[in-house]
Amino acid sequence: MKKIILKIIDETAKKQDSDLIETFSVYLANIVSANEDFERVSLKLFDLNRFSNNEIEILRDFFDSLKEGEYLISHKEEIIENFSMFFNEKSADNLALFFAPFISRDALLSQNPNKIRNDLLKYPKEISEAIIKSLEMLSLAKKIDDNQEILKEVLNTIIILNVVMKFFGGDNDIK
């Protein structure tokens, strides 16, 4: 993904109080959950009627590129470096959106770490540990100013989990 395209996506998303990182997280969370309908997923973030046809096509191309897990893995380092240019004070919260499909609504709303850990036992140990570690890292990232390396590490985990979780399938509807 070229930097100029990412910049256009970020600027387009900002027109409706979003940004590249939130768009990425919500799109990818839905894709992992087998919700691959661009319009339906985009309407969770945007009023598409307020975008030009070109802006919608750029968002659609971005969405379609995220469905290509092999591309994300083979270009992981480049993607992480390019995305890190768009990290901001909301990035930890926005990256956390990716993990919503893995945790039941009851566990998530409880905000009880033990209940969340227990809920993740439905996944293999490596996956549940990666999710827990990422959520802990995002919590830490919110508390410190120099959090670029933490956010990059979580982004790396997200890209890997994206590919791994496609094997588990799912039909969750993520908001």
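The present account deals with the structure reproduced in this document. Here the structure is a predicted model, which means the values were calculated and not measured.

### A word on the overall build of the chain
Part 1 of the argument: From N to C terminus, the chain includes 11 helices and zero strands.
Part 2 of the argument: Ordering the α and β elements of the chain from the N terminus gives α-α-α-α-α-α-α-α-α-α-α.
Part 3 of the argument: For the chain, whose C-alpha radius of gyration is 15 Å, the value lies close to the compact-globule estimate of 16 Å for 175 residues.
Part 4 of the argument: Evaluated residue by residue, the chain yields a buried proportion of 48% over its 175 residues.

### A look at helix H4 (residues 53-66)
Spacing of three or four residues puts side chains on the same side of an α-helix, whose turn is 3.6 residues.
Part 1 of the argument: Across its 14 residues, H4 extends 20 Å between first and last C-alpha, which sits within 8% of the 20 Å expected from 1.5 Å per residue.
Part 2 of the argument: For H4, the full list of buried residues reads Glu55, Ile56, Leu59, Phe62, Phe63, Ser65 and Leu66.

### Considering the environment of threonine 157
Part 1 of the argument: Looking at the element boundaries, threonine 157 is found in helix H11 (residues 148-166).
Part 2 of the argument: Take threonine 157: its relative accessible area is 15%, and that puts it in the buried class.
Part 3 of the argument: Along the backbone, threonine 157 and isoleucine 9 are 148 residues apart, and their C-alpha atoms lie at a distance of 22 Å.
Part 4 of the argument: With residues near it in sequence (within four places) discarded, threonine 157 still touches Ala130 and Ser134.

### Side note on unusual backbone geometry
Part 1 of the argument: Although it is not a glycine, aspartate 17 adopts a positive phi angle of roughly 60°.
Part 2 of the argument: Locating aspartate 17 in the fold gives a position in the loop between helix H1 (3-14) and helix H2 (20-32).
Part 3 of the argument: Backbone geometry at alanine 34 places phi at a positive 65°, although glycine is not the residue there.

### Here we look at H2
Part 1 of the argument: Under the 1.5 Å per step criterion, the end-to-end length of H2 is 18 Å for 13 residues, consistent within 8% with the ideal 18 Å.
Part 2 of the argument: Most of H2 is tucked away: 13 of the 13 residues are buried.
Part 3 of the argument: Where H2 begins, the capping side chain belongs to aspartate 19, and its oxygen is found 3.2 Å from the backbone nitrogen of isoleucine 21.
Part 4 of the argument: With its phi angle positive at about 65°, alanine 34 sits one or two positions after the end of H2.

### Comments concerning the packing of aromatic side chains
Part 1 of the argument: Overall, the coordinates contain 11 aromatic pairs when judged by the stated rule.
Part 2 of the argument: Centre to centre, the rings of phenylalanine 98 and phenylalanine 99 are 5.2 Å apart; their planes meet at 85°, and the pair counts as edge-to-face.
Part 3 of the argument: Residue class for phenylalanine 99 comes out buried when judged on its relative accessible area of 1%.
Part 4 of the argument: On the numbers, 5.4 Å between centres and 65° between planes, the contact of phenylalanine 98 with phenylalanine 102 is edge-to-face. Like phenylalanine 98, the residue phenylalanine 102 is buried in the burial classification.
Part 5 of the argument: By the ring-pair criterion, three or more aromatic residues cluster together here, those being Phe24, Tyr27, Phe38, Phe62, Phe63 and Phe83.

### Re the environment of aspartate 19
Part 1 of the argument: Note on placement: aspartate 19 falls in the loop between H1 and H2.
Part 2 of the argument: For the pair aspartate 19 and alanine 34, spaced 15 residues apart in sequence, the C-alpha separation works out to 23 Å.
Part 3 of the argument: Beyond its immediate sequence surroundings of up to four residues, aspartate 19 is in contact with Asp10, Ala13, Asn88, Lys90 and Asn94.
Part 4 of the argument: Of the polar contacts made by the side chain of aspartate 19, one reaches the backbone nitrogen of glutamate 22; its length is 2.8 Å.

### Brief notes about the nonpolar core
Part 1 of the argument: Counting 54 residues, the largest nonpolar core has Tyr27, Phe62, Phe83 and Phe102 as its most contacted members.
Part 2 of the argument: Sorting the residues of this core by element identifies H1, H2, helix H3 (38-42), H4, helix H6 (76-84), helix H7 (91-96), helix H10 (125-141) and H11 as the ones contributing at least two each.
Part 3 of the argument: No other element matches H2, which puts nine residues into this core.

### Digging into a nonpolar patch on the surface
Part 1 of the argument: A contiguous nonpolar surface patch, about 240 Å² in accessible area, is contributed by Ile4, Ile5 and Ile8.
Part 2 of the argument: Here isoleucine 4 lies in helix H1.
Part 3 of the argument: Under the relative-accessibility criterion, isoleucine 4 is labelled exposed at 54%.

Conventions and cut-offs
- Residues numbered from 1 in each chain as written.
- Predicted model: local features only at pLDDT ≥ 70, side-chain atom pairs only at ≥ 80, totals over all residues.
- Heavy atoms only, no water.
- Helix = DSSP H or I, 4+ residues; strand = E, 2+ residues; numbered from the N terminus.
- Rg over C-alpha atoms; globule rule 2.2 N^0.38 Å.
- Buried < 20%, exposed > 50% of the residue type's maximum accessible area, 1.4 Å probe, protein only.
- Expected span 1.5 Å × (residues − 1).
- Contact = heavy atoms within 4.5 Å.
- Polar contact = N/O pair within 3.5 Å; in protein donor to acceptor, adjacent residues only side chain to side chain.
- Phe/Tyr/Trp six-rings, centres within 6.5 Å; stacked < 30°, edge-to-face > 60°.
- Core = buried A, V, L, I, M, F, W, Y, C linked by side-chain atoms within 4.5 Å.
- Patch = residues over 30% accessible without salt bridge, like charges linked within 9 Å, V, L, I, M, F, W, Y side chains within 5 Å.
- Areas by Shrake-Rupley, 256 points an atom, 1.4 Å probe, with all protein chains shown as cover.
- Salt bridge = Lys/Arg side-chain N within 4 Å of Asp/Glu carboxyl O.

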